[in-house]
Protein chains: 4
Amino acid sequence: MPANAAKGRTFTESARRAQIVAAAIAVINEHGYAAASFTRIAKQAGLSSTGMISYHFANKDDLIGEVLTEATTVAYQFIAPRMDAATGYRAKLRARLESNMQLVRAHPGHVRALMEIAQNAPKTPEFVDQRFGLFAAHLRAGQDAGEFGTFNADAMAVTIIGAIDAMVIGLVLHPEVDAAEFGRELADTFDRATRP
Amino acid sequence: MPANAAKGRTFTESARRAQIVAAAIAVINEHGYAAASFTRIAKQAGLSSTGMISYHFANKDDLIGEVLTEATTVAYQFIAPRMDAATGYRAKLRARLESNMQLVRAHPGHVRALMEIAQNAPKTPEFVDQRFGLFAAHLRAGQDAGEFGTFNADAMAVTIIGAIDAMVIGLVLHPEVDAAEFGRELADTFDRATRP
Amino acid sequence: MPANAAKGRTFTESARRAQIVAAAIAVINEHGYAAASFTRIAKQAGLSSTGMISYHFANKDDLIGEVLTEATTVAYQFIAPRMDAATGYRAKLRARLESNMQLVRAHPGHVRALMEIAQNAPKTPEFVDQRFGLFAAHLRAGQDAGEFGTFNADAMAVTIIGAIDAMVIGLVLHPEVDAAEFGRELADTFDRATRP
Amino acid sequence: MPANAAKGRTFTESARRAQIVAAAIAVINEHGYAAASFTRIAKQAGLSSTGMISYHFANKDDLIGEVLTEATTVAYQFIAPRMDAATGYRAKLRARLESNMQLVRAHPGHVRALMEIAQNAPKTPEFVDQRFGLFAAHLRAGQDAGEFGTFNADAMAVTIIGAIDAMVIGLVLHPEVDAAEFGRELADTFDRATRP
DNA sequence: AATGAATGAGGTTTCATTCAT
DNA sequence: AATGAATGAAACCTCATTCAT
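Here the structure is a predicted model, which means the values were calculated and not measured.

Looking at DNA strand E, there are 35 residues lining it, with A:Ser48, A:Met52, B:Ser37, C:Lys60 and D:Arg16 nearest. Within 4 Å of the protein, the contacting atoms of DNA strand E are drawn from sugar and phosphate to the extent of 63%. At 2.8 Å from a phosphate oxygen of DNA strand E is found a main-chain nitrogen or oxygen belonging to B:Phe38. Interatomic distance of 3.0 Å between a backbone N/O atom of D:Glu13 and a phosphate oxygen of DNA strand E. Elements represented by at least two residues in the surface near DNA strand E include exactly helix H1 (11-31) and helix H3 (51-56) of chain A, helix H2 (38-45) and helix H3 (51-56) of chain B, helix H2 (38-45) and helix H3 (51-56) of chain C together with helix H1 (11-31) and helix H3 (51-56) of chain D. For the surface near DNA strand E, the element with the most residues is H3(A), which contributes four residues. Here the surface near DNA strand E is built from residues that sort into seven nonpolar, 22 polar and six charged.

Here we come to the protein's contact with DNA strand F. Looking at DNA strand F, there are 35 residues lining it, with A:Lys60, B:Arg16, C:Ser48, C:Met52 and D:Ser37 nearest. In this structure, B:Ser48 approaches DNA strand F through a side-chain N or O atom, which is 3.2 Å from a phosphate oxygen. In this structure, C:Tyr55 approaches DNA strand F through a side-chain N or O atom, which is 3.4 Å from a base nitrogen. Taken together, the elements giving at least two residues each to the surface near DNA strand F come down to helix H2 (38-45) and H3 of chain A, helix H1 (11-31) and H3 of chain B, helix H1 (11-31) and H3 of chain C together with helix H2 (38-45) and H3 of chain D. Of all the elements, H3(C) adds the most residues to the surface near DNA strand F, at four residues.

Moving on: the pattern of salt bridges. Under the criterion given, the structure shown has 34 salt bridges over all chains. Across the salt bridge formed by C:Arg131 and C:Asp165, the nearest N and O atoms sit 2.6 Å from each other. With C:Arg131 in helix H7 (residues 125-144) and C:Asp165 in helix H8 (residues 153-173), this pair connects stretches of sequence that are 34 residues apart. Side by side, C:Arg131 and C:Asp165 carry an identical accessibility label, which is buried. As a salt-bridge pair, D:Glu66 and D:Arg17 come within 2.8 Å of each other at their nearest N and O atoms. One end of the pair, D:Glu66, is in helix H4 (residues 60-84); the other, D:Arg17, is in helix H1, and 49 residues separate them in sequence. Given a relative accessible area of 26%, D:Glu66 falls into the partly exposed group. By relative accessible area, which is 2% here, D:Arg17 ends up buried. Here the salt bridges share partners, and the residues they tie into one network are A:Arg17, A:Asp62 and A:Glu66.

Relating the two copies of this chain is a rotation about some axis coupled with a shift parallel to it. Each copy of the sequence occupies a distinct position, and chain A is placed on chain B by a rotation of 177 degrees and an axial shift of 0.0 Å, giving an RMSD of 0.5 Å. Between the two chains, the operation in question is that of a two-fold axis. By residue overlap, the copies meet face to face through one surface: 100% of the interface positions of chain A are interface positions in chain B.

Residue and element names in this part refer to chain A. Helix length check: helix H8 (residues 153-173), at 21 residues, gives a terminal C-alpha distance of 30 Å against a target of 30 Å (1.5 Å per residue), a fit within 8%. Counted residue by residue, H8 has 15 buried out of 21 residues, so it is predominantly covered. Between the side-chain oxygen of the N-cap and the backbone nitrogen of Asp154 there are 2.9 Å, and the N-cap of H8 in question is Asn152.

A few words now on the domain arrangement of chain A. Residues and elements named next belong to chain A. Structurally, chain A comprises domain 1 (1-58) and domain 2 (68-194). Each of domain 1 and domain 2 has a C-alpha centre, and these two points are 29 Å apart. At the junction of the two partners, domain 1 supplies six residues and domain 2 supplies eleven residues. Both faces considered, domain 1 and domain 2 share a buried interface measuring about 680 Å² in area, 71% of it formed by carbon and sulfur atoms. For the domain 1 face of the interface with domain 2, the top three residues by lost area are Ile25, Asn29 and Tyr33, together amounting to 72%. Counting across the domain 1 and domain 2 interface gives zero salt bridges. Taken together, the connections running from domain 1 to domain 2 amount to three residue pairs in polar contact (both at pLDDT 80 or more).

Cut-off values and rules
Residues numbered from 1 in each chain as written. Chains lettered and ligands numbered in written order. Predicted model: local features only at pLDDT ≥ 70, side-chain atom pairs only at ≥ 80, totals over all residues. Heavy atoms only, no water. Near = heavy atom within 4 Å. Polar contact = N/O pair within 3.5 Å; in protein donor to acceptor, adjacent residues only side chain to side chain. Helix = DSSP H or I, 4+ residues; strand = E, 2+ residues; numbered from the N terminus. Nonpolar A, V, L, I, M, F, W, Y, C, P; charged D, E, K, R; others polar. Salt bridge = Lys/Arg side-chain N within 4 Å of Asp/Glu carboxyl O. Buried < 20%, exposed > 50% of the residue type's maximum accessible area, 1.4 Å probe, protein only. Least-squares fit on C-alpha atoms with pLDDT ≥ 70 in both. Contact = heavy atoms within 4.5 Å. Expected span 1.5 Å × (residues − 1). Domains from an automatic or database assignment. Buried area = accessible area lost by both parts, 1.4 Å probe.

Now the structure itself:
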């Protein structure tokens, strides 16, 4: 009687969850979030019943939440080291923007799923707020350090996040575009915009 | 037997369509696009059955299309004169950005619906592409005129559009925020970013 | 308040009915009986509302009945003189079968409609029974006159009617087939089968 | 989540499918094909919802297809051995016709359903064509063997099939008629018609 | 630990018919 | 004589979830 039995998960249990999450990501990529029903996910995962999914996840939110966690983890593991390698708020911002665009080509499936869920799933404000908070804090710290100029950090955070997401979606939809170049352009844009 | 009877619309017919469109906008605002079912819209409009909606609109796409038309018309009528009043590509860009944020407070329902539909409805890439084309053309023309600096106009167009949408959504979700100020910040941001 | 106001029909009334019947026949030919809804018929007739149809016909059965009458009348007027021109039961049977197949090419629309209705409409047993009675009587009379051999007239009537309908449908579906030839073959078949 | 889960069917699953197919046959017999809605079939089967049917069958075509398979199987198993027992094309034709009429009394429900579906369902031309092909081939082979006389085999095939179907329907509608006798009459008719 | 079966609400759409004007 | 508007039942189908085994 799992379905999140107090988080103490056996090996099999974890494997099953991972398998289902992977299937969900695949389905979202192929058909979009709206079409990611339990039925389709089960079929994709080669499961014979949707009951299987309900057994391992408390409900759909639980599953989608896990997909979100998986996707953000992948993103984080890609972006974080690249930011760490950069020195200073300005350079870190550039690293963030450029690596985010490279991520689109490195893990297209996860990125696409992330975007679809963020846009369409009903329950993601906390996810949005968290991202916003991190950006705003970075900008304010950079301003305090004198690396950034004068601007409303909240407004700028929203602006940058929106720009990132739009460009990510654009790159996903247009695989022929040079992601690295667009990433540099994006970084240049906000480098100019945040200059002291 | 309407449902788009060759466009020749009666007074009553037009009134009902408008009423239903208004109800759809209200429902989308309250529950989001995904939950905007005929049943909910009918209830919101005080209609006794969904058959009523099907009678006046050929199908859901037809209804959503009308909502989109209505919302974009409202937006256009708000923004266009403010852009016209500005002189030069740079000033027009600022007017566009600032008025777009004022629009959020002037017509919150229409803006919210517009965003929800653009993000969630399956049939809107043309709408997206059109907006992108207009922005890219404006930027290129401004570059040719020497008002803007050197940058990839496509990348910048995506960036600006994403920023607009994100800020609009942010303002919608946070009514306490000073939209005019955020609009000015947004305009300042891209004024710096596009400077020659 | 017509809808069969005691059969006393004005000129306009009759014209309207005829127009609607013609539209119904056209729709049945294009989309089949099952798709012959009031909505489609009204559109075909260039009417702005299905109310118009309900106004002139008591209900759908009434309309379909009129279509049936119209089609059978056309068929009768084509076949009757050709039977009359033939002498004797045997020759008349041949004339009936051959002319019926020629009718398919002469009035394809009416024939198609007739078949569709006879097969699909729920309320046509009387029509079927009437046709059966006429055939059986003809066969029995021919037997009494010594022109036909010994057989169960009822069974033969059913057999012939079924053969006619199947061949009609076949000809309708295969316009390239020589209807006159198939008509002769059909006549030959039952000439042999009914020979004394 | 069945609905044709790659054909690997459980016992329960098969039982339910059979139950639903049986209910569909019963409904078609009582109310005709057009009225054989999921709702009515579910009620007939004692099921509480139409979702149940959708769960076991991919869609209505799937269900109707199964009904058709079931009915043709029953018919084949009745007719085939009787044809096999006969020697020569002429005798086999007689066996076919006579046994087909006996089948009406042996399995009235299946026969009625078969007729209703063949006539009314949209997706059955292949079924019709196949039957036609078999008959035409039999007739031609018999002609080549010198057992049948000279006639257009295609025309004769259509004729015989039409006669069969009409008589089947007639027998279904008139239970008091002696099916065996009518079967013999039918066989006699085409025995004379195809004689060399 | 897992599965197959079932459920019932909800989705959009089409339909014939009614009625006030 | 005609029309536009409305109705509500019924259609097929999909969904997330539950439960006995």
